[in-house]
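Coordinates in review
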Amino acid sequence: MALNIPKNKTPIAEQKPEVRNHNFKEVVLGYTLEEAITEANRCLQCPTHPCVAGCPVNIDIPGFILALRNNDLSESIKILKSYNNLPAVCGRVCPQESQCEGKCTVGLMKDHEPVAIGKLERFVADWAASHEGVEEPQKKNEGDKGKIAVIGAGPSGLTVAADLAKKGYKVTIFEALHAPGGVLMYGIPEFRLPKTIVEREVKAIEELGVNVETDVVVGKTITIEEIRKEYDAIYIGTGAGTPRFMNIPGTNLNGVYSASEFLTRINLMHAYEFPKYDTPIRIGKRVVVVGAGNVAMDASRSALRLGAEKSMIVYRRSEKEMPARIEEYHHAVEEGIEFHWLTNPIEYIGDENGNVKAVKCVKMELGEPDASGRRRPVPIEGSEFVIEADMVIEAIGQTSNKVLLSAFPELKLNKRGYIEADPETGATSVEGVYAGGDIVTGAATVILAMGAGKKSAKAIDEYITSKKKA
Ligand SMILES: Cc1cc2nc3c(=O)[nH]c(=O)nc-3n(C[C@H](O)[C@H](O)[C@H](O)COP(=O)(O)OP(=O)(O)OC[C@H]3O[C@@H](n4cnc5c(N)ncnc54)[C@H](O)[C@@H]3O)c2cc1C
Ligand code: SF4
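So, how was this worked out
- For every chain, the first residue of the written sequence is number 1, and numbering continues from 1 onward in sequence order.
- Here every chain gets a letter starting at A, and every ligand a number starting at 1, in the order they are written.
- Owing to the predicted nature of the model, reporting of local features is limited to residues with pLDDT of at least 70; listing and counting of side-chain atom pairs is limited to 80 or more, with chain, interface and lining totals taken over all residues.
- Heavy atoms throughout the structure, all of them, feed into the side-chain values; hydrogens and water do not.
- Under the DSSP-based scheme used, a helix requires at least four consecutive residues in state H or I and a strand at least two consecutive residues in state E, with every element numbered from the N terminus.
- In what follows, residue pairs with any heavy atoms lying within 4.5 Å of each other are defined as contacts.
- Here, Shrake-Rupley sampling with a 1.4 Å probe gives the accessible areas, and only protein chains in the shown set may cover a residue.
- Charge counting treats Lys and Arg as positive and Asp and Glu as negative, with His and both chain ends excluded.
- Every charge is mapped onto a representative atom, which is NZ of Lys, CZ of Arg, CG of Asp or CD of Glu.
- Fitted lines through C-alpha atoms serve as axes, helices being fitted only where they are in contact, and the angles separating the N-to-C directions of these axes extend from 0 to 180 degrees.
- Here roughly perpendicular refers to angles of 65 to 115 degrees, roughly parallel to angles under 35, roughly antiparallel to angles over 145, and oblique to all remaining angles.
- Amino acid classes used here: Ala, Val, Leu, Ile, Met, Phe, Trp, Tyr, Cys and Pro are nonpolar; Asp, Glu, Lys and Arg are charged; the rest, including Gly, are polar.
- Any residue with at least one heavy atom within 4 Å of a molecule or strand is counted as near it.
- Salt bridges are counted wherever a side-chain nitrogen of Lys or Arg sits within 4 Å of a carboxyl oxygen of Asp or Glu.
- Partly exposed describes any residue whose relative accessible area lies between the buried limit of under 20% and the exposed limit of over 50%, with all areas from a 1.4 Å probe on protein chains only and scaled to the type maximum.
- Between N or O atoms, a polar contact is any pair within 3.5 Å; within protein, one atom must be a potential hydrogen donor and the other a potential acceptor, and residues adjacent in sequence are included only when both atoms are from side chains.
- Two strands qualify as a pair provided that DSSP identifies no fewer than 2 bridges between them.
- Only buried Ala, Val, Leu, Ile, Met, Phe, Trp, Tyr and Cys residues count toward a nonpolar core, and they belong to the same one when joined by side-chain atoms within 4.5 Å.
- A pair of Phe, Tyr and Trp rings is counted when the ring centres sit within 6.5 Å of each other, with Trp represented by its six-membered ring. The angle between the planes then sorts it: under 30 degrees is stacked, over 60 is edge-to-face, the rest tilted.
- Lysine NZ or arginine CZ positioned within 6 Å of the ring centre and within 35 degrees of the ring normal marks a charge as sitting over the ring.

Each helix and strand counted, the chain has 19 helices and 18 strands in total. Residue pairs at least 24 apart in sequence account for 70% of intrachain contacts in the chain once pairs closer than 6 positions are excluded. For the chain, the computed accessible surface area is about 21100 Å², with 52% contributed by carbon and sulfur atoms. Positive and negative charge centroids in the chain, built from 57 and 64 side chains respectively, lie 2 Å apart.

Laid out in structure tokens, this is it:
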């Protein structure tokens, strides 16, 4: 059987690059039922299923694929949802190449691509949501096992909340912004992750009985002491939303943005639909984005869609070290993003009105590997050159959200300024307080934040159960 399976993944419909780089509609259109079953048939149903170990929440991958293959979509979504509360999100944004698909037996066979696990997960979630009766209504518990406060409604907070609600707790999520979802709402653009899908999956979590209170900044609107008095346990999932800056001359020129501001205006505030929505956005003709992670890809592709004539990515390492998802990189190349590898900005040059007009860069070469295992970029003396640009977006990484941390001094932080938490349980230095996601690991991935939420839900349940017995 193995030798007969098609070498390549079943092709999936996508908007054409020259059309999609002018709109914010989703790029990947998804499988039809027939295509999904064809792809499901590429799965070998390996008894050792290495793909499962590659998934941070250990979804029963062969199980949901087998149910799909048998055209039993109800069973397929039931399996998925028992491991993952946000399958339509994960199917779209997980870096599957380094997780489940990276371990798939088919992908390890000569000249074969792995099973398209992410695309199948997304298909099942979307199919179930758009066909009434496919998914069994979720059971709402009494919520009488205890009261839990979750701070932050990103993927980590949403996961811990859903799992604890399923276990019978009354859960309230406090979220600083006006919409739940964290980066899923304010960071990742519509063309990769439509906001209706995030809203749909958040609504399903609310239907489990989870109460989401938006516009509440814990540490300001409400104190941590007030929460501690009222709740049996707390989970902190406040993420890493504070941008880092290059801090080079010219940073304060008009037209220099952090990717966080740029993407929040576009995604959360709908600036791409200005003036229908009243938040504006300024777009240059020649845009330079600094960095080559998912954030940089999202910013450069958004600038193109908003009318930039040239959108360029400047990255101090080479293509090989780029941290972005492979699929998004390919999409960016197809859409016409220009890449300047081994290049680092050293100054933003302004005009007489204080607007950025060019970026002075230096060429880099790769030296010995650094602590991250990637080869360290070293500037090449005398290689300075200038790229004309009337807009610059810095996407060089984020660090921990600080408001809560400064309002909660008993909480032990690690050397990098993130919360110190047990990797197995999320327990922090304060009894009854748990933490997970980017606020513990630093900027990572959606599924790792969810995995942390899952582990903490289990640990919080055990903590409260043992406390009640004592
Ligand atoms: C532009 C962008 C693109 C990305 N693309 C991908 C991708 O393709 N695939 C992938 O796997 N990962 C991607 N990531 C990373 C991923 O989104 C994060 O790792 C993930 O969202 C972390 O989840 P979290 O729940 O820990 O935090 P977040 O998603 O950051 O959520 C934290 C929430 O807490 C709230 N909050 C903060 N402080 C307070 C407070 N004091 N009181 C109340 N609420 C508070 C915030 O408003 C926010 O809603 C991307 C990140 C960005 C920025
Ligand atoms: S490793 Fe690949 S082929 Fe094997 S069960 Fe998982 S998805 Fe199927």
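Once that is clear, we can look at the packing of helix 9 (residues 117–130) against helix 12 (residues 195–206). With their axes 12 Å apart at the nearest point, helix 9 and helix 12 run at an angle of 75° to one another. One way to sum up the angle between helix 9 and helix 12 is to call them roughly perpendicular. Only Ile197, Arg200 and Glu201 of helix 12 make contact with helix 9, whose side of the interface consists of Ala125, Asp126 and Ala129. Partitioned by chemical class, the residues of the contact of helix 9 with helix 12 number three nonpolar, no polar and three charged.

The next thing to look at is the site of ligand 2. Near ligand 2, the surroundings consist of Cys43, Leu44, Cys46, Pro50, Cys51, Pro62, Cys104, Thr105, Val106 and Ile117. When residues of the shell around ligand 2 are traced back to their parent elements, those giving at least two are helix 3 (50–53) and helix 8 (105–108). The residue inventory of the shell around ligand 2, partitioned by class, reads nine nonpolar, one polar and no charged.

Here the focus is the pattern of salt bridges. Throughout the structure, instances matching the rule amount to 30 salt bridges. Several salt bridges share partner residues, and in doing so they unite Glu14, Arg20, Lys119, Arg192, Asp298, Arg301, Arg305, Arg325, Glu327, Glu328, Glu334 and Glu335 into one network.

Our focus in this paragraph is the environment of Lys166. Within the fold, Lys166 resides in helix 10 (residues 155–166). Classification of Lys166 by relative accessible area gives partly exposed; the value is 32%. Considering only alpha carbons, one finds Lys166 and Lys81, 85 residues apart in sequence, at a separation of 12 Å. Not counting residues within four places of it along the chain, the set of residues in contact with Lys166 comprises Lys81, Asn85, Gln138, Asn141 and Leu208. Polar side-chain contacts of Lys166 include one of 3.4 Å to the backbone oxygen of Lys81.

Here the focus is the sheet that holds strand 5 (residues 211–213). What the five strands build is an open sheet, ordered 5-4-3-6-18; its pairing is parallel. Each edge of the open sheet carries a strand with a single partner, namely strand 5 and strand 18 (433–435). The sheet shows a mean angle of 20° between the axes of neighbouring strands, direction not considered. One ladder, built from three bridges, connects strand 4 (residues 170–174) with strand 5; its direction is parallel. Among the inter-strand pairings, Ile173 is bridged to a residue of strand 5, identified as Val212. Against the sheet, helix 19 (residues 446–469) makes contact with strand 3 (147–151), strand 6 (233–236) and strand 18, and its axis sits at roughly 170° relative to strand 6, the strand it touches most.

Another point: the site of ligand 1. Not every one of the 38 residues close to ligand 1 is listed here, only the nearest: Val93, Glu175, Arg192, Val218 and Asp438. Between Ala176 and ligand 1, the recorded distance is 3.1 Å, taken from a backbone N or O atom to a nitrogen atom. Interatomic distance of 2.9 Å between a backbone N/O atom of Val218 and a nitrogen atom of ligand 1. Burial of ligand 1 by the protein amounts to 95% of the accessible area it has alone, namely 1000 Å². For the shell around ligand 1, the secondary structure elements donating two or more residues are helix 10, helix 11 (183–186), helix 15 (294–305) and helix 19. Among the elements that make up the shell around ligand 1, the one with the highest residue count is helix 15 (three residues).

Examined against the element boundaries, Gly336 turns out to sit in the loop between helix 16 (326–335) and strand 11 (338–340). Spatially, the C-alpha atom of Gly336 lies 22 Å from that of Ala271, the residues being 65 residues apart in sequence.

With that settled, consider the nonpolar core. Of all hydrophobic cores here, the largest spans 108 residues; its most connected members are Ile61, Phe64 and Phe262. By residue number, the principal contributor to this core is helix 19, which donates eight residues. Apart from residues no more than four positions distant in its own chain, Phe64 is found in contact with Ile59, Ser76, Ile79, Leu80, Ile117, Leu120, Glu121 and Val124.

All right, on to the sheet that holds strand 16 (residues 391–394) then. Hydrogen bonds between backbone atoms are what pair the strands of a sheet, whose relative direction is either parallel or antiparallel. With parallel pairing, the five strands of this open sheet are ordered in space as 8-16-9-10-11. Of all strands in the sheet, those bounded by a partner on one side alone are strand 8 (256–258) and strand 11. Ignoring strand direction, the axes of neighbouring strands in this sheet form an average angle of 25°. Of the strand pairs in this sheet, strand 10 (residues 310–314) and strand 11 are connected by three bridges, and their pairing is parallel. The residue of strand 11 that forms the bridge with Ile313 is Phe339. Across the sheet, helix 14 (residues 259–267) touches strand 8 and strand 16, and the angle it forms with strand 8 is around 80°.

Turning our eyes to something else, we now look at the side chain of Lys454. Relative to the elements of secondary structure, Lys454 occurs in helix 19. Contacts of Lys454, omitting those with residues within four sequence positions, involve Val57, Ser82, Tyr83, Asn84, Asn85, Thr159 and Asp163.

In this structure the tally under the stated criterion is 10 aromatic pairs. Look at Phe24 and Tyr272: their rings are 4.3 Å apart centre to centre, the planes differ by 20°, and that puts the pair in the stacked class. Linking Phe24 in the loop between helix 1 (17–20) and strand 2 (28–30) with Tyr272 in the loop between helix 14 and strand 9 (286–290), this pair joins segments that are 248 residues apart in sequence. For Phe24, a relative accessible area of 8% corresponds to the buried category. Where Tyr315 meets Trp341, the ring centres are 6.3 Å apart and the plane angle is 80°; that geometry is what we call edge-to-face. Remark: Trp341 occurs in the loop between strand 11 and strand 12 (343–350) and Tyr315 occurs in the loop between strand 10 and helix 16; sequence separation between them is 26 residues. When its relative accessible area of 6% is taken as the criterion, Tyr315 is described as buried. Above the plane of the ring of Tyr231 lies Lys147, whose end atom (NZ or CZ) is 5.0 Å from the centre. If you follow Arg305 out to its NZ or CZ, it ends over the ring of Phe191, 3.8 Å from the centre.

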